[in-house]
Amino acid sequence: VQSHDSLVKFGDQHVTAGLGRLVNAVLTKGEGSYVTFGDGRKLLDFACGIGVTSLGHCHPKVSKAAADQCMNVVHVQCSIAYHQPYLELIQRLLPMMPHPSLDSFFFWTSGSEAVEAGIKMARAITGRQNIINMQGAYHGRTMGAMAVTKSKTIYSAGFHPLMPGTFTVPYPYWHQLGVPPDTPASELTKTCLNQLNLLLSQATAPKDTAAIIIEPVLGEGGYVPAPAEFLHGLREICDKHGILLIIDEVQCGFGRTGKHYYSEYSGIRPDILLSAKGLANGFPLSAVISRKELTDKLAPGSMGGTYAGNAVSCAAAVATADALKEEKVLENVDARSKELFAALNELRKDPKLAPAILDVRGKGLMVAVEFASPVGSGPYDTFTNPSVPEKLASRVASKCVEKGLLILTTSVYEVIRFIPPLNISKEDLAKGVEIFKEAVYEVVR
Ligand code: PMP
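Just so we're clear, the structure is a prediction, and the values are computed from it rather than from any experiment.

Asks: What's the story with the overall build of the protein in this structure? I'm lost.
Replies: Looking only at helices and strands, the protein features 15 helices and 17 strands. The C-alpha radius of gyration computed for the protein amounts to 22 Å, which stays within 12% of the reference 22 Å derived for 445 residues, consistent with globular compactness. Taken along its principal axes, the extent of the C-alpha atoms in the protein is 60 × 55 × 45 Å. Here the protein, with 445 residues, has 49% of them falling under the buried criterion. Long-range pairs, those at least 24 residues apart, make up 72% of the contacts in the protein between residues at least 6 apart in sequence.

Here it is, written out as structure tokens:
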């Protein structure tokens, strides 16, 4: 038997540095809201493998469905035949759709692949080339997805040239626009829609523009929900010019924000909706959802992949969808979200923390606390106080790990994100919040 430390050392020698690692240890067990490491540490998990294990680790019904499927058929190449869980999953997803027009589904493995498929579809269907994306958005690490990713240069640095034909517009996020955190949504929206209209008359003509792609809640860009009026503004512009609207709900979809899809809050109609992460509670699966009328324009064989829509992943997703409903998970999201916001807003009121916490935001259980960055630390220090220490978010996150809470930062700003399991108990949520508070007080002082 190899010791935990020797295994980690082995990993350090043989695994690329191109993968970052928050905890340099071997994670040996996941159970509900907790993860255990080979060195004996047990942490409360507010990261969920970056928003994936939404029903907690190894949900018994999901694991059982996957195990049963493994004894039946593991792999059916999707261009050879249908498999049962593929079709059952469509039956589960249909009633969850944020708009009744969404009636055509095909499944892939990762979020990035879904983005690639969305872009390719938009080009083929419209016969146009260019894609408009949003500042701060993350869509993945493959070539096309990376080209529309604008959250951090780390994802593209050294990998240029990227896919041509992409144009970036501002997203209604106060910090990116250089305005105060309490700027009304209507003002942010007006600025951004104005810039988009200008782009369409100055840089990419509508007749060359296939799609606008948007994450309706910026994820890797800082957990910033888009105002409904912005989404409706996009829809109007798309309708006016025959541009397709691709809504990437890879991170914010499948119950994360308290509805099956965030788009449901605004009633926005996506032309193409992308889903992944929580969809199969840890099994690799993504979905590209659109209208049959559009997807029937694709040539047979032009889409697909060896492992796309894997049978075990689809069976896990069917069980995830069933558990979401049977266990009234969305009701839990609502209740826990209210408690989380109440605790964080209370914390923010403490005058001792006043210069350090700039913003508490999000929806459902996709919640962020944005800290100030110290003056002079970079281009993002507009609203900061010289007494605030540097790299607050990563220091708070490390302190949380020391104290037993796995939690992640996000974006180029000082942001901590809360993505706990959607079925987390009241007690575990309170415990995590307590650890977070202790960490903040120790780091900020
Ligand atoms: N889109 C969004 C909104 C995401 O958050 C992510 C993953 N963080 C992706 C796409 C890419 O998904 P994957 O890592 O599965 O390729």
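Asks: Help me understand the sheet that holds strand β10 (residues 244-248) in this model?
Replies: The strands making up a sheet associate through hydrogen bonds between their backbones, and the pairing can be parallel or antiparallel. Spatial ordering of the open sheet is given by β4-β12-β11-β10-β7-β5-β6, a layout of seven strands whose pairing is mixed. Strands with a single pairing partner mark the edges of an open sheet, and in this sheet they are β4 (104-108) and β6 (166-169). Strand-to-strand twist in this sheet, taken as the mean axis angle between neighbours without regard to direction, amounts to 20°. In the sheet, strand β7 (residues 209-214) pairs with β10 via four bridges, with the strands oriented parallel. Residue Ile214 lies in a different strand from β10, and its bridge partner there is Ile247.

Asks: Just to check I follow, could you spell out the confidence of the model for the protein for this structure?
Replies: As a note on interpretation, predicted positions should not be read in detail where pLDDT is low. Residues of the protein with pLDDT of at least 70 account for 97%, and the chain-wide mean is 95. For this predicted complex, the interface confidence comes out at an ipTM of 0.99, alongside a pTM of 0.97.

Asks: Help me understand the sheet that holds strand β14 (residues 366-371), please; the structure alone is not making it clear to me.
Replies: The antiparallel open sheet is built from four strands, whose spatial order is β13-β14-β17-β16. Edge positions in the open sheet fall to β13 (357-363) and β16 (408-410), since each of these has one partner strand only. Across the sheet, the mean angle from the axis of one strand to that of its neighbour is 30°, orientation sign disregarded. Two elements, β16 and strand β17 (residues 414-418), share three bridges in a ladder whose sense is antiparallel. Opposite Thr410, over in β17, you have Val415 as the bridge partner. Against the sheet, helix α13 (residues 329-349) touches β13, β14 and β17, its axis set at about 170° to β13. Strands in contact with helix α14 (residues 392-403) are β14, β16 and β17; relative to β17, the strand with the most contacts, it is inclined by about 40°.

Asks: Explain the pairing of strand β3 (residues 42-45) to me, please; I cannot follow it from the model alone.
Replies: If a strand is regular, its side chains alternate between the two faces of the sheet. Note that strand β2 (residues 34-37) and β3 share three bridges and pair antiparallel. The residue bridging Thr36 from the neighbouring strand is Lys42, located in β3. Taking the residues that link successive antiparallel strands as the turn, the β2-β3 hairpin has four residues, and the phi of Gly40 there is positive, at about 100°. Bridge analysis of β3 against strand β15 (residues 405-406) gives two bridges, and the strand direction is parallel.

Criteria and cut-off values
- Residues numbered from 1 in each chain as written.
- Predicted model: local features only at pLDDT ≥ 70, side-chain atom pairs only at ≥ 80, totals over all residues.
- Helix = DSSP H or I, 4+ residues; strand = E, 2+ residues; numbered from the N terminus.
- Rg over C-alpha atoms; globule rule 2.2 N^0.38 Å.
- Buried ≥ 20, exposed ≤ 12 C-beta atoms within 10 Å, placed from the backbone.
- Contact = placed C-beta atoms within 7 Å.
- Pairing = 2+ DSSP bridges.
- Axes fitted to C-alpha atoms, helices over the stretch in contact; angles between N-to-C directions.
- pLDDT = per-residue confidence, 0-100.

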